[in-house]
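# Observations on the model geometry
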Amino acid sequence: MDFELRRAREKLDKEQRERKERAKLKLDRERKAKEEAKKQRDAIEAAQRSRRLDAIEAQLKAEQQMGESLLAGRGVVFYKILEAVPFQGSGDKIKLPPSCFTELSNQGAFDKGPMYFQLSLVHQEGSSATKDDEKGNNRTTHSGVLEFTADEGSVAIPPHVWSNLFPVDAPNIPLVEVRYVRLSKGTYAKLQPDGIGFSDLPNHKAILETSLRQHATLSQDDVLTVKYGELTYKLRVLELKPSSSISVLETDIEVDIVNPGVESERTDQYVLKPLAFGASESGLVEEGNYMYYKFSIDDDTWEKLVSDDVKIEVKIDAEANGGDTDLYVSKHPLIFPNRHQHEWSSHDVGSKTLILSSKDRNLGTGTYSLAVYGFKGTTKYQVSVHVQENSKHKVGQQATHSSSMDVDTVECRNCKHFIPTRSIALHEAYCSRHNVVCPHAGCGIVLRIEEAKNHVHCDKCGQAFHLGEMEKHMKVFHEPLRCPCGVVLEKEDMVQHQASDCPLRLIACRFCGDMVQAGSSAMDVRDRLRGLSEHESICGSRTAPCDSCGRSVMLKDMDIHQIAVHQKN
């Protein structure tokens, strides 16, 4: 009986404990559920607060951007994020989609004069440019507009703008923020070349002005590319006035070009080193490279040249170490002569000398450039320019000539020279054993038998050379050369082509006076008959007031106008 009561009591106690545990677990679950519900409510309220704050911030930012756009655009609000695509063009004018034309036209932007745009790189997650931008490089520049023919959602960017927006690498999908702005006309610009040599260009400010004609804007810290023939110079914009971004259309700008900074590490071989008469300069030139020097002929020296008292001797003494050089000379404005473009040259093996006299029609007062070209290997050399007095007539020359007329002579059957009759038999016996006449047509030179094997003629041009000089002659004069315009010619024809026919040749424009690329033939038949180049045809289409009547006349028609209207020659 007691056992059963004890069992019942234990069972009751156990059931009570289990009920208490279940009640406790239920209370814990309810408490946790209430806490979880509270956390969710707090999170929802925080998210709602954050969204409200973001909306307020976005609204404030939009209002700020609207205000900035209204201020920058002076009543015109235009803001787009477009994908940048490159196109080959000159200057800084971009291409926008046709929808941008409609939007700008509806706001009257075309009535406010030239349109300018601020271009900024849009930061993207994972972009390699993001870290650079955080360091202070905001990747912002300005541009004009060329046309509205780009694909929708994209903006076509020329190389100048592209290189300033993406100086290193462009992201996979380059996004650019395009904003309409108004820019004040520039009054001052300070530029710094990235290497020496730009200031050596004749009238380099005029060359810079010609390059800027293709631009609508300039922005501080931009890099401006200036081309001079095949050469390219880069100039960084250090300072602008009256603001950090200016318009360069229809305005006169004072330009300062400062010397390259000491930190510039550019190794540009296109640098003119001064060379004085009578002094020599040593140098080292590698194969395929040029070393440039310049010297000047003043009025006093030119007077001596004209009077045939002196000649100009340009000389290169090269070390015989297996290398070889070529010598090219030109007169400014051709300041960097090369294998294609030059006025005088020497291709002798080893040391070489050029004699310039007043009989050369291209010689005169002015500055000249001298190029030492590394033809083979690495060569040490010494270059010098001397004023050399003309040698007098050799003493006894006239007497020898007169005495030879009085002696009875006979033509040698071997060397074809006229020999006195009394010694012809002895001469012919000796001449036939030791001398041989070159059989090549038109040559006829008499050679020693041991020298005859080294006397050869070029199969193409027929010139006579020493056997050791033939390899260089074939490489210099008969190896096909490719002009940057695409034409392939031999040296002589290439020099003529680049002097008179090449569209990339530099000419002095008769209207603007700048050294510019000639371009192709003029489109206008009348301009071609006048001998105008493509550039001159376009440049001469600008108008200017006539000095006599004040009427606006195209520059290329000004001479005809003066003759036809004012009877002036």
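All of these numbers come straight from a predicted model, not from anything done at the bench.

Cut-offs applied
Residues numbered from 1 in each chain as written. Predicted model: local features only at pLDDT ≥ 70, side-chain atom pairs only at ≥ 80, totals over all residues. Heavy atoms only, no water. Helix = DSSP H or I, 4+ residues; strand = E, 2+ residues; numbered from the N terminus. Buried < 20%, exposed > 50% of the residue type's maximum accessible area, 1.4 Å probe, protein only. Areas by Shrake-Rupley, 256 points an atom, 1.4 Å probe, with all protein chains shown as cover. Polar contact = N/O pair within 3.5 Å; in protein donor to acceptor, adjacent residues only side chain to side chain. Core = buried A, V, L, I, M, F, W, Y, C linked by side-chain atoms within 4.5 Å. Domains from an automatic or database assignment. Contact = heavy atoms within 4.5 Å. Patch = residues over 30% accessible without salt bridge, like charges linked within 9 Å, V, L, I, M, F, W, Y side chains within 5 Å. Salt bridge = Lys/Arg side-chain N within 4 Å of Asp/Glu carboxyl O. UniProt positions renumbered as here; feature names shortened; annotations may be inferred. Phe/Tyr/Trp six-rings, centres within 6.5 Å; stacked < 30°, edge-to-face > 60°. Lys NZ or Arg CZ within 6 Å of the ring centre and 35° of its normal. Pairing = 2+ DSSP bridges. Axes fitted to C-alpha atoms, helices over the stretch in contact; angles between N-to-C directions.

### With respect to the overall build of the protein chain
Along the backbone of the protein chain there are 14 helices and 33 strands. Taking all 569 residues of the protein chain together, 35% fall into the buried category. Surface exposure of the protein chain reaches about 34200 Å², of which carbon and sulfur atoms provide 51%.

### Side note on the side chain of R179
If you trace the backbone, R179 turns up in strand β6 (residues 175-181). Judged by its relative accessible area of 8%, R179 falls in the buried class. Side-chain polar atoms of R179 contact the side chain of E177, separated by 3.2 Å.

### Points about the nonpolar core
F198, L201, L208, L218, V226, Y233 and F336 are the most contacted members of the largest nonpolar core, which totals 31 residues. Among the elements of the structure, β7 (188-193), α5 (204-212), β9 (223-228), β10 (231-241), β12 (254-257), β15 (290-297), β20 (366-376) and α10 (467-477) are those that each provide at least two residues to this core. Per-element accounting of this core gives the leading share, 5 residues, to β10. Taken together, domain 2 (188-257) and domain 3 (272-388) each give at least three residues to this core, which thus spans both. Those residues in contact with V226 that lie beyond four places of it in its chain are F198, I207, L208, S211, L231, T232, Y233 and L235.

### Brief notes about a nonpolar patch on the surface
A cluster of nonpolar side chains, contributed by L53, I56 and L60, occupies part of the molecular surface with about 310 Å² of accessible area. Counting through the fold element by element, L60 comes out in helix α1 (residues 2-73). With relative accessibility at 51%, the residue L60 sits in the exposed group.

### A few points about unusual backbone geometry
Following K241, the chain continues into P242 via a peptide bond in cis, with omega recorded as 10°. Along the chain, P242 falls in the loop between β10 and β11 (245-247). For D221, which is not glycine, the phi dihedral falls at a positive 75°. One can find D221 in the loop between β8 (217-219) and β9. The backbone of E250 sits at a positive phi, close to 50°, despite the residue not being glycine. In this structure, E250 sits in the loop between β11 and β12. Overall, E250 belongs to the exposed group, its relative accessible area being 74%.

### Describing the UniProt feature "domain: TRAFD1/XAF1 zinc finger" (unreviewed entry) in the protein chain
Annotation from UniProt places "domain: TRAFD1/XAF1 zinc finger" (unreviewed entry) at residues 532-562. Counted over residues 532-562, helix gives 35% and strand 19%. Its end C-alpha atoms are 19 Å apart.

### Here's the deal with the side chain of E536
Inspection of the secondary structure assignment puts E536 in helix α13 (residues 534-539). In this structure E536 touches I507, A508, C509, R510, F511 and G531, once residues within four positions along its chain are discounted.

### Considerations on the environment of A429
Along the chain, A429 falls in helix α8 (residues 424-434). Spatially, the C-alpha atom of A429 lies 9.6 Å from that of N414, the residues being 15 residues apart in sequence.

### Focus on the packing of aromatic side chains
Counted by the stated rule, this structure contains 13 aromatic pairs. Pairing Y290 with Y373 gives two aromatic rings, centres 4.7 Å apart and planes at 40°, and the pair type is tilted. Within this pair, whereas Y290 is found in strand β15, its partner Y373 is found in strand β20, the two being separated by 83 residues in sequence. Each residue in the set Y290, Y292, Y328, F336 and Y373 is aromatic and connected to the rest through ring pairs, giving one cluster. Above the ring of F87, the side-chain terminus of K95 is found at 4.5 Å from the ring centroid. When the ring centre of Y188 is taken as origin, the NZ or CZ atom of K241, which lies over that ring, is 5.1 Å away.

### Some words on the pattern of salt bridges
Going through the model one piece at a time under the given rule, you end up with 15 salt bridges. Ionic contacts of the salt-bridge type, sharing partners, join the residues D527, R530, K556 and D557 into one network.

### Digging into the sheet that holds strand β17 (residues 324-331)
What the 5 strands build is an open sheet, ordered β13-β15-β20-β17-β18; its pairing is mixed. Because the sheet does not close on itself, it has two edges, and the strands there are β13 (272-274) and β18 (344-346). Averaged over neighbouring strand pairs, the angle between their axes works out to 25° when direction is ignored. Across 3 bridges, β13 lies against β15 in parallel orientation. Note that in β15 the partner of L272 across the bridge is Y292. Contacts between α10 and the sheet are confined to β17 and β20, with β17 contributing the most and set at about 40° to the helix.

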